[in-house]
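What follows is each chain in one-letter form.
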Amino acid sequence: MDASTRRTRFEERVRVERDFLVPVNRRFGAVAPLAGMTAGAIASWRGRASAHDLGVDVERITAVLLEAAARAELLADNSRDVFEAGRHVTPDGLGEIKKTLDALLGMSA
């Protein structure tokens, strides 16, 4: 695998993370901004967001964010090439996860 492929994977991961950060912060940014898509950042957000009643299910949103973060991590994980030579992981299902997030946030898709 060359540096270009690694960079492309990293860029895709960043794009995916932004796709999830932006709508959450559009809804919660003033009271509980989500700083990143790591498990720690999501847990911190969950604690702060739960303290505010914005009419959404913070627990379900948290589960969606954790699933999206796990898939984004797989997109950028270069070590799997050692074990899965010739197999390319694509962002399958991320579009559906994003639609679920938008619905939970009460945003149009």
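Residues numbered from 1 in each chain as written. Predicted model: local features only at pLDDT ≥ 70, side-chain atom pairs only at ≥ 80, totals over all residues. Heavy atoms only, no water.

Asker: Any details on the overall build of the chain? Residues and values, ideally.
Answerer: Each helix and strand counted, the chain has five helices and zero strands in total. The order of helices and strands in the chain, counted from the N terminus, is α-α-α-α-α. Evaluated residue by residue, the chain yields a buried proportion of 31% over its 109 residues. Residue pairs at least 24 apart in sequence account for 59% of intrachain contacts in the chain once pairs closer than 6 positions are excluded. (Helix = DSSP H or I, 4+ residues; strand = E, 2+ residues; numbered from the N terminus. Buried < 20%, exposed > 50% of the residue type's maximum accessible area, 1.4 Å probe, protein only. Contact = heavy atoms within 4.5 Å.)

Asker: Explain the nonpolar core residue by residue, including any values.
Answerer: Counting 24 residues, the largest nonpolar core has F20, F28, W45, I61 and L65 as its most contacted members. Secondary structure elements with two or more residues in this core: helix 1 (3-28), helix 2 (39-50), helix 3 (58-76) and helix 5 (94-105). Discounting residues that sit within four places of it in the chain, L65 has contacts with F20, V24, L34, M37, I42, W45 and L101. (Core = buried A, V, L, I, M, F, W, Y, C linked by side-chain atoms within 4.5 Å.)

Asker: An account of the packing of aromatic side chains is requested, with residue identities and associated values reported.
Answerer: Scanning the model with the defined rule gives one aromatic pair in all. Here the aromatic rings of F28 and W45 are separated by 5.1 Å at their centres, their planes lie at 85°, and the arrangement is edge-to-face. In this pair, F28 is assigned in helix 1 and W45 in helix 2, connecting sequence segments 17 residues apart. Look at F28 and you get buried, because its relative accessible area is 0%. Note on W45: relative accessible area 0%, which makes it buried. (Phe/Tyr/Trp six-rings, centres within 6.5 Å; stacked < 30°, edge-to-face > 60°.)

Asker: Which residues make up the environment of R71, and what values go with them?
Answerer: Looking at where R71 falls in the secondary structure, it is placed in helix 3. Sequence-wise, R71 and G93 are 22 residues apart; in three dimensions their C-alpha atoms are separated by 8.8 Å.

Asker: Would you mind going over the side chain of T62 in detail, with residue names and values included?
Answerer: In this fold, T62 is placed in helix 3. Setting aside its immediate chain neighbours within four residues, T62 contacts I42, W45 and R46.

Asker: Now, about the confidence of the model for the chain: what can you tell me, with residues and values included?
Answerer: When pLDDT is averaged along the chain, the result is 83, and 75% of the positions lie at 70 or above. Here helix 4 (residues 80-83) stands out as the least confident element of the chain, with mean pLDDT 48; helix 2 is the most confident, with 97. (pLDDT = per-residue confidence, 0-100.)

Asker: Pulling in residues and values, what's your account of helix 5?
Answerer: An ideal rise of 1.5 Å per residue puts 16 Å on twelve residues; helix 5 measures up with 16 Å between its terminal C-alpha atoms. Along helix 5, the residues that are buried comprise L94, I97, L101, D102, L104 and L105. Seen from one end, helix 5 has its buried residues packed into an arc of 165°, which puts them on one side. Exposed side chains of helix 5 directed beyond 90 degrees from the buried face belong to E96 and A103. (Expected span 1.5 Å × (residues − 1). Arc of directions from axis to C-beta.)

Asker: Give a description of helix 2 that names residues and reports values.
Answerer: In this model, helix 2 (twelve residues) spans 16 Å end to end at C-alpha, consistent with the 16 Å of a helix rising 1.5 Å per residue. Among the residues of helix 2, those classed as buried are A41, I42, W45 and A49. The arc enclosing the buried residues of helix 2, seen along the axis, measures out at 95°, which places them on a common side. In helix 2, those exposed residues whose orientation departs by more than 90 degrees from the buried face are A39 and G47.

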